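For reference, the chains in residue letters:
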Amino acid sequence: METSLIIIKPDGVQRRLAGRILTRFEEKGLAIVGAKMMRIPLELAETHYEAHRERPFYPGLVQYMTSQPVLVVALRGKSAITVIRKMLGATFGSQADPGTIRGDFAISDGYNLVHASDSPEAAERELGLFFADGEVQDYEMHDTPWVYDTSSDLR
Ligand code: ADP
């Protein structure tokens, strides 16, 4: 089981798509194990996106991510990090395939609705940035035998 960090960005909240986006992850079989609404402090946004610090879009990206509240969610499931990235689609909405979240709901380069961790290392780092100890829950989902077919060793 992997845990990934997603952020429904300000445009996702403002466009009232937060529920629909979360529903897609739930329908896939991923479990919500942490959630908080927040206005991202400037320093946290800068740290979160520090890999992009030298890129021309960085100042606008930080401004966008701190401009309005976001919904930060921890999602858990088998291969969750890869599965979620595939569900997001390409970075630019105009290039994302239909059927992906960005492909279905976004057309902008920057305003692309959702962030998701892109590797296990990024997920660990980002979960640590956005959630304090104890804020991500360990609990049993009671549909697990149906979601994962626990009757065989092939799950
Ligand atoms: P992803 O979110 O798909 O992992 P990146 O890590 O490359 O993409 O970029 C982080 C975010 O920065 C993107 O989701 C998008 O909001 C923004 N961004 C990336 N490239 C551009 C660009 N060329 N112009 C405007 N915004 C961009």
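All values derive from a computational prediction rather than experimental measurement.

**Structural notes on the environment of His52**
If you trace the backbone, His52 turns up in the loop between helix 3 (42–48) and helix 4 (58–67). Dropping the residues within four chain positions of it, His52 is found in contact with Phe57, Tyr58 and Leu61.

**A few points about the sheet that holds strand 2 (residues 31–38)**
Read from one edge of the open sheet, 4 strands run 2-3-1-4, paired in antiparallel fashion. The sheet terminates laterally at strand 2 and strand 4 (114–116), the two strands that pair on one side only. Strand after strand, the sheet turns through a mean of 20° between neighbouring axes, direction not considered. Note that strand 1 (residues 2–8) and strand 4 share 3 bridges and pair antiparallel. The residue of strand 4 that forms the bridge with Ile7 is His115. Relative to the sheet, helix 2 (residues 18–28) contacts strand 1, strand 2, strand 3 (70–77) and strand 4, its axis offset from that of strand 1 by approximately 165°. Strands strand 1, strand 2, strand 3 and strand 4 of the sheet are contacted by helix 7 (residues 120–130), whose axis makes an angle of about 60° with strand 1.

**A closer look at the site of the ligand**
Neighbouring the ligand are Lys9, Tyr49, His52, Phe57, Leu61, Arg85, Thr91, Phe92, Arg102, Asp109, Gly110 and Asn112. Thr91 has a polar side-chain atom sitting 2.6 Å from an oxygen atom of the ligand. Residue classes in the shell around the ligand are distributed as 4 nonpolar, 4 polar and 4 charged.

**A look at the confidence of the model for the protein**
With 98% of its residues at a pLDDT of 70 or more, the protein has an overall mean of 97. Across the protein, the element-wise mean pLDDT spans from 95 in helix 8 (residues 144–148) up to 99 in strand 3.

Procedures and definitions
- Residues numbered from 1 in each chain as written.
- Predicted model: local features only at pLDDT ≥ 70, side-chain atom pairs only at ≥ 80, totals over all residues.
- Heavy atoms only, no water.
- Helix = DSSP H or I, 4+ residues; strand = E, 2+ residues; numbered from the N terminus.
- Contact = heavy atoms within 4.5 Å.
- Pairing = 2+ DSSP bridges.
- Axes fitted to C-alpha atoms, helices over the stretch in contact; angles between N-to-C directions.
- Near = heavy atom within 4 Å.
- Polar contact = N/O pair within 3.5 Å; in protein donor to acceptor, adjacent residues only side chain to side chain.
- Nonpolar A, V, L, I, M, F, W, Y, C, P; charged D, E, K, R; others polar.
- pLDDT = per-residue confidence, 0-100.

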